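Chain and residue survey
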Protein chains: 2
Amino acid sequence: MAERFEIVEKALLRMLEEKKYTALRDLLVVMNPSDIAALFDDLQEERIPLLFRLLPKELAAETFVEMESDAQELLIQGFSDNELKEVLDELYVDDAADLVEEMPANVVKRILRQADPDMRTSINQILRYPDNSAGSIMTTEYVTLRPDMTVGESILRIRRQGIDKETIYTCYVTQDRTLVGLVTVKDLLLAEDDDIPIGEIMLTNLISVTTHTDQEEVAHMFSKYNFLALPVVDGEHRIVGIVTFDDAMDVMEDEATEDMEIMAAMTPSEKTYLKSSPFELFKHRIPWLLLLMVSATFTGMIISSFEGALSMLPVLTAFIPMLMDTGGNCGSQSSVTVIRSLSLDELRFSDLAKVVWKEIRTAVLCSIVLAAACFLKILLVDRMLLQNPSVSMLVNGVVCLTLAVTVIMAKVVGCTLPLFAKKLGFDPAVMASPFITTIVDALSLLIYFLFAKLLLGV
Amino acid sequence: MAERFEIVEKALLRMLEEKKYTALRDLLVVMNPSDIAALFDDLQEERIPLLFRLLPKELAAETFVEMESDAQELLIQGFSDNELKEVLDELYVDDAADLVEEMPANVVKRILRQADPDMRTSINQILRYPDNSAGSIMTTEYVTLRPDMTVGESILRIRRQGIDKETIYTCYVTQDRTLVGLVTVKDLLLAEDDDIPIGEIMLTNLISVTTHTDQEEVAHMFSKYNFLALPVVDGEHRIVGIVTFDDAMDVMEDEATEDMEIMAAMTPSEKTYLKSSPFELFKHRIPWLLLLMVSATFTGMIISSFEGALSMLPVLTAFIPMLMDTGGNCGSQSSVTVIRSLSLDELRFSDLAKVVWKEIRTAVLCSIVLAAACFLKILLVDRMLLQNPSVSMLVNGVVCLTLAVTVIMAKVVGCTLPLFAKKLGFDPAVMASPFITTIVDALSLLIYFLFAKLLLGV
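Residues numbered from 1 in each chain as written. Chains lettered and ligands numbered in written order. Predicted model: local features only at pLDDT ≥ 70, side-chain atom pairs only at ≥ 80, totals over all residues. Heavy atoms only, no water.

**Some details on the overall build of chain A**
- A tally of helices and strands in chain A yields 23 helices and six strands.
- Against the globule reference of 23 Å for 458 residues, chain A gives a C-alpha radius of gyration of 30 Å, more extended than a compact globule.
- The C-alpha extent of chain A, read off along each of the three principal axes, is 90 × 60 × 40 Å.
- Surface exposure of chain A reaches about 19,400 Å², of which carbon and sulfur atoms provide 57%. (Helix = DSSP H or I, 4+ residues; strand = E, 2+ residues; numbered from the N terminus. Rg over C-alpha atoms; globule rule 2.2 N^0.38 Å. Areas by Shrake-Rupley, 256 points an atom, 1.4 Å probe, with all protein chains shown as cover.)

**Here's the deal with the environment of M322(A)**
- Along the chain, M322(A) turns up in helix α20 (residues 320-343).
- Judged by relative accessible area, which is 3%, M322(A) ranks as buried.
- Through-space distance from the C-alpha of M322(A) to that of C374(A) is 9.8 Å; in sequence the pair is 52 residues apart.
- Discounting chain neighbours no more than four positions away, the residues touching M322(A) are C374(A), V399(A), L403(A), M293(B) and A296(B). (Buried < 20%, exposed > 50% of the residue type's maximum accessible area, 1.4 Å probe, protein only. Contact = heavy atoms within 4.5 Å.)

**Description of the state of the cysteines**
- Per the counting criterion, the structure on display carries zero disulfides over all chains.
- Summary of cysteine pairing: C374(A) is not part of a disulfide, and the nearest cysteine sulfur, belonging to C400(A), is at 3.9 Å.
- The exposure class assigned to C374(A) is buried, which follows from its relative accessible area of 2%.
- There is no disulfide at C171(B), and the cysteine sulfur nearest it, in C171(A), is 17 Å away. (Disulfide = S-S within 2.5 Å.)

**Structural notes on the packing of aromatic side chains**
- Using the criterion set out here, one finds 24 aromatic pairs over all chains in the structure.
- For the ring pair F306(B) and F449(B), a centre distance of 4.3 Å and an interplane angle of 15° mean the geometry is stacked. Highlighted residues: F306(B) in the loop between α17 (278-305) and α18 (307-312) and F449(B) in helix α23 (residues 433-456), separated in sequence by 143 residues.
- Residue F306(B) is classed as buried on the basis of its relative accessible area, which comes to 16%.
- The ring centre of Y129(A) lies 5.8 Å from the NZ or CZ of R128(A), which sits over that ring. (Phe/Tyr/Trp six-rings, centres within 6.5 Å; stacked < 30°, edge-to-face > 60°. Lys NZ or Arg CZ within 6 Å of the ring centre and 35° of its normal.)

**Points about the pairing of strand β5 (residues 229-233) of chain B**
All names here are of chain B.
- The buried count for β5 comes to five of five residues, which makes it a mostly enclosed element.
- In this structure, strand β4 (residues 209-210) lies alongside β5, joined through two bridges in parallel fashion. When the sheet's bridge partners are listed, T210 is paired in β5 with V233.
- Strand direction decides the pairing type here: β5 and strand β6 (residues 239-244), joined by five bridges, are antiparallel. In the strand pairing of β6, A229 is matched with T244. (Pairing = 2+ DSSP bridges.)

**Section: the interface of chain B and chain A**
- Chain B puts 121 residues into the contact, and the matching count from chain A is 121 residues.
- Each partner contributes to the roughly 10,800 Å² buried at the junction of chain B and chain A, and carbon and sulfur atoms together form 66% of this total.
- Two residues, D35(A) and K224(B), come together in a salt bridge whose shortest N-O distance is 2.9 Å.
- Summed over the shared surface of chain B and chain A, the result is 33 residue pairs in polar contact (both at pLDDT 80 or more).
- Here the side of chain B that touches chain A gets 17 residues from one element, more than from any other, and that element is α17(B). (Buried area = accessible area lost by both parts, 1.4 Å probe. Salt bridge = Lys/Arg side-chain N within 4 Å of Asp/Glu carboxyl O. Polar contact = N/O pair within 3.5 Å; in protein donor to acceptor, adjacent residues only side chain to side chain.)

**Focus: the sheet that holds strand β6 (residues 239-244) of chain A**
- Spatially, β4-β5-β6 (chain A) is the arrangement adopted by the three strands of the open sheet, whose pairing is mixed. Bordering the open sheet on either side are β4 (209-210) and β6 of chain A, each of which pairs with just one other strand.

**Section: the packing of helix α3 (residues 33-41) of chain B against helix α5 (residues 57-66) of chain B**
Residues and elements named next belong to chain B.
- In the contact formed by α3 and α5, the axes pass within 8 Å of each other and the chain directions differ by 60°. One finds that α3 runs oblique with respect to α5. As α3 runs across α5, the sense of the crossing is right-handed. Note on element contacts: α5 touches α3 through L59, E62, T63 and E66, opposite P33, S34, I36 and A37.
- Looking at the contact of α3 with α5, its residues break down into four nonpolar, two polar and two charged. (Axes fitted to C-alpha atoms, helices over the stretch in contact; angles between N-to-C directions. Parallel < 35°, antiparallel > 145°, perpendicular 65-115°, else oblique. Left-handed = near helix turned anticlockwise from the far one by under 90°. Nonpolar A, V, L, I, M, F, W, Y, C, P; charged D, E, K, R; others polar.)

**Concerning the relation of the copies chain B and chain A**
- Between chain B and chain A, the superposition needs a rotation of 180° and an axial shift of 0.0 Å, giving an RMSD of 0.1 Å. Read as a symmetry element, the transformation amounts to a two-fold axis. Closest to the rotation axis within chain B is the C-alpha of S311(B), separated from it by 3.0 Å.
- Counting the interface residues of chain B, we find that 100% of their copies in chain A are interface residues as well, pointing to one common contact surface. (Least-squares fit on C-alpha atoms with pLDDT ≥ 70 in both.)

**A look at helix α9 (residues 105-114) of chain A**
Residues and elements named next belong to chain A.
- Residues of α9 that are buried include every one of V107, V108, R110, I111 and Q114, and no others. Down the axis of α9, the sector holding all buried residues measures 160°, keeping them to one side. Exposed and oriented more than 90 degrees from the buried face of α9 are A105, K109 and R113.
- Buried positions along α9 lie against α6 (69-78), α7 (81-90) and α8 (93-102). (Arc of directions from axis to C-beta.)

**Description of the packing of α5(B) against helix α7 (residues 81-90) of chain B**
Residues and elements named next belong to chain B.
- Where α5 contacts α7, the two axes come as close as 9 Å, and the packing angle between them is 75°. When the axes of α5 and α7 are compared, the pair comes out roughly perpendicular. Between α5 and α7, the contacting residues are K57, E58, A61 and F64 on the first element and E86, V87 and E90 on the second.
- In terms of residue class, the contact of α5 with α7 is made up of three nonpolar, no polar and four charged.

**Here we look at a nonpolar patch on the surface**
All names here are of chain A.
- A surface patch of nonpolar side chains, about 540 Å² in accessible area, is lined by L394, L401, V405, L450, L454 and L455.
- At the level of elements, α22 (393-423) and α23 (433-456) are the ones that each hand at least two residues to the nonpolar patch.
- Following the sequence through the fold, L454 ends up in helix α23.
- With relative accessibility at 63%, the residue L454 sits in the exposed group. (Patch = residues over 30% accessible without salt bridge, like charges linked within 9 Å, V, L, I, M, F, W, Y side chains within 5 Å.)

**Some details on the pattern of salt bridges**
- Applying the stated criterion across every chain, the model contains 28 salt bridges over all chains.
- Of the charged contacts in the structure, one is a salt bridge between R285(A) and E359(B), with a shortest N-O distance of 2.9 Å. Here E359(B) lies in helix α21 (residues 352-385) and R285(A) lies in helix α17 (residues 278-305), a pairing that spans two chains. Per residue, the accessibility class of R285(A) equals that of E359(B), and both read buried.
- Measuring nitrogen to oxygen at the nearest pair gives 3.2 Å for the salt bridge that ties R238(B) to E236(B).
- R238(B) sits in the partly exposed class, given a relative accessible area of 28%.
- With a relative accessible area of 54%, E236(B) lands in the exposed category.
- Salt bridges sharing common partners tie together D234(A), E236(A) and R238(A).

**Here we look at the side chain of S341(A)**
- Within the element layout of this structure, S341(A) appears in helix α20.
- Of note is the side chain of S341(A), whose polar atom sits 2.9 Å from the backbone oxygen of T337(A).
- Once residues lying within four places of it in the same chain are set aside, the contact partners of S341(A) are E346(A), L347(A) and Y273(B).

**Points about the sheet that holds strand β3 (residues 178-184) of chain B**
All names here are of chain B.
- Taken in spatial order, the three strands of this open sheet run β1-β2-β3, and their pairing is mixed. The outermost strands of the open sheet, each flanked by one partner alone, are β1 (144-145) and β3.
- As paired elements, strand β2 (residues 170-175) and β3 share six bridges and run antiparallel to each other. Within β3, the residue paired with C171 across the bridge is V183.

Treat this as a map of the structure, not an account of what it does.
And the structure:
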């Protein structure tokens with residue numbers, strides 16, 4: 001797939017080079033808007049307007065929607081008012097609202113001036129809702145029916161109105177603007193008789209969200225219920241928009257990316273990696289690095305306070321990285337599992353006891369195997385192979401005992417912290433590897449030195 | 001949302017307790033199949049068949065599809081042949097194939113015996129394709145049209161055939177079984193004239209996948225092109241099935257979960273967390289823990305070989321955790337960013353140089369800030385506050401210099417390894433925190449002791 005695309009890309013660039021515009025246009029019109037947009041992203045800036053003007057009107061608008069915001073801005077700057085109006089007229093309002101949100105103020109002014117009054121009103125309405133809310137990703141273009149309309153009348157209405165609607169497949173039935181039901185085009189087409197009133201065949205058991213529902217919850221409802229579209233209602237249960245499945249898919253992808261970024265100790269970014277400047281990447285990464293570096297100094301302080309023990313038995317130092325790393329890995333396994341289950345709505349805080357009990361049993365199994373493997377490894381490698389005299393059987397015992405206890409402690413910490421974070425209203429993803437590792441590091445060292453003191457008398 | 005569901009759940013359980021079956025049925029019929037299925041998962045096993053039999057036929061089948069496989073098995077075991085046949089008749093073939101795949105052999109036999117011959121053939125066809133391929137997630141129920149049919153004839157055909165099809169909104173146009181185009185129901189409804197032949201309005205610029213295309217790529221095409229359905233073709237470009245958007249959404253969610261699990265050093269699991277036994281969790285976690293523990297012993301060996309230096313200047317030990325953790329965090333930031341970009345198809349191996357150059361510049365910014373903060377922290381806390389005489393300005397310099405170099409090294413290692421993994425055909429997600437941490441730990445210690453040797457002469 002990717003290779004095929006690169007071949008097309010090369011062919012297009014050569015045609016552009018050789019000014020074969022007719023051939024170029026013939027190739028472009030059979031391409032998908034997303035692929036044309038991807039092509040634009042790889043193009044030198046000055047060539048974008050030229051290539052864009054080769055596209056037929058509708059394809060041009062569809063391609064425009066899929067482009068990165070800097071290329072969009074470049075194009076708008078070069079558009080005549082007329083060209084801008086043509087593109088805007090072809091956009092769905094939710095796409096237009098996204099565009100307005102990403103453009104600088106002077107471009108926004110031009111866009112709003114060229115948009116027709118209906119679209120201007122809708123854009124302003126969508127932009128009023130908070131970021132990441134259902135209101136901010138909805139579209140205000142959908143088909144509404146009344147319960148007293150017949151199937152035949154409804155199909156006629158769809159045929160008349162449908163051209164400008166993002167989806168016609170789910171139609172919403174309203175009475176005095178209140179949402180009372182929905183019918184799908186499938187229901188309409190498969191209805192036995194054109195004279196049946198909508199009120200009789202509509203689905204009244206509706207699932208809707210409000211304008212302020214979090215977009216992550218919205219996306220989650222799509223994957224749970226397999227909807228094509230989901231109605232968005234206001235406080236009086238009046239329909240104000242719909243979210244369509246394609247926007248929900250984008251949200252799902254964005255939210256997963258965001259979770260991964262947070263889990264790897266970064267503040268999430270809206271830009272793709274290749275589009276982000278090093279300074280932007282730096283800004284998203286440095287706060288957590290600083291915080292975690294400062295917390296790691298506690299671990300250093302623990303080591304400092306046991307300096308005496310370490311200088312009496314220097315071999316103990318050699319096992320510190322292994323103990324810390326294994327503890328960190330165990331903790332992050334548990335935390336990531338719990339974080340993902342929370343974000344897929346498979347876990348609630350009330351499951352805390354169940355989770356801890358499951359993790360303890362898992363941890364015991366892990367710790368037995370790990371401690372046994374560690375014991376054997378020290379026996380075979382450090383004592384027999386490397387003939388290290390300071391690695392006594394008692395030292396081996398202390399290391400393996402610490403390992404076993406650390407594993408259990410790490411898994412309990414790893415599974416509980418995300419649940420508490422969720423309960424307290426924080427994003428559980430923050431409680432992933434880097435954070436857990438820092439805590440587990442300190443705790444594992446304390447356990448280590450405690451056992452060393454007790455059993456080795458250092 | 002979640003709270004509202006818990007209230008309904010409690011009400012239902014009370015009705016069940018008090019044997020108010022009519023009220024129970026009235027409440028169930030207005031619920032969504034996914035929610036009823038979620039309810040079943042929380043129910044005691046002996047109550048499931050009772051509650052299931054209260055559901056009307058169609059709702060029962062829709063609920064059945066959404067249930068966990070152990071509850072499905074329980075129900076089938078209790079079904080009469082007739083009941084089983086009734087449920088099977090309501091299923092779409094891709095759901096039936098999923099069911100067959102998850103049931104034990106004796107249950108599969110009963111299912112195939114009760115399924116009608118058409119469905120049996122389709123199930124067997126779907127099961128022939130490898131796991132995670134487009135063929136394994138497709139359905140064989142879709143509407144086909146011929147190019148010489150008119151719009152009016154096509155709508156009639158949909159009305160006649162549509163009832164059993166998973167989606168009617170995208171219809172595929174074939175000629176001698178070869179896929180030649182598609183029309184949407186929107187196109188049909190909005191066509192100006194019922195007599196226009198399909199050949200004139202169909203979209204011929206088709207995007208399709210083959211039966212062996214990886215499901216991750218399929219899901220990715222959905223989110224890129226906003227399709228409702230995607231045709232699956234064989235080697236001769238004959239359509240053999242379609243993948244629908246709801247299955248693509250499930251794949252997107254599963255693939256993100258899988259990536260997160262691999263990134264946290266676990267082998268991916270198909271079961272949800274609460275359904276997994278501690279032994280299953282153990283099996284998914286222990287291989288990586290063992291591998292990483294063994295690799296961490298190299299870090300220990302590096303420390304051992306510098307035991308002399310550490311006993312001359314024990315204070316050096318105290319900074320080891322901070323250096324290792326910061327290096328690990330820096331590396332995992334870069335690796336996770338690159339891994340995610342790879343799985344969203346935003347990066348290719350050919351971007352290697354661009355990525356490394358971006359990461360080096362980001363790393364230099366991070367290392368300047370981190371080293372400066374570390375220098376100040378040691379000056380203020382260790383020297384002035386704690387009055388630790390062994391933390392000389394030279395020791396401070398060695399620590400900060402190591403930190404700066406480690407950060408740059410970690411970011412370069414973190415961004416390159418996933419790209420090479422991808423190039424070599426491994427899953428890049430393996431190259432996340434735990435793996436990177438282990439490598440970065442060893443390298444950062446080598447850098448540390450090198451600078452200590454050079455500057456402190458230990």
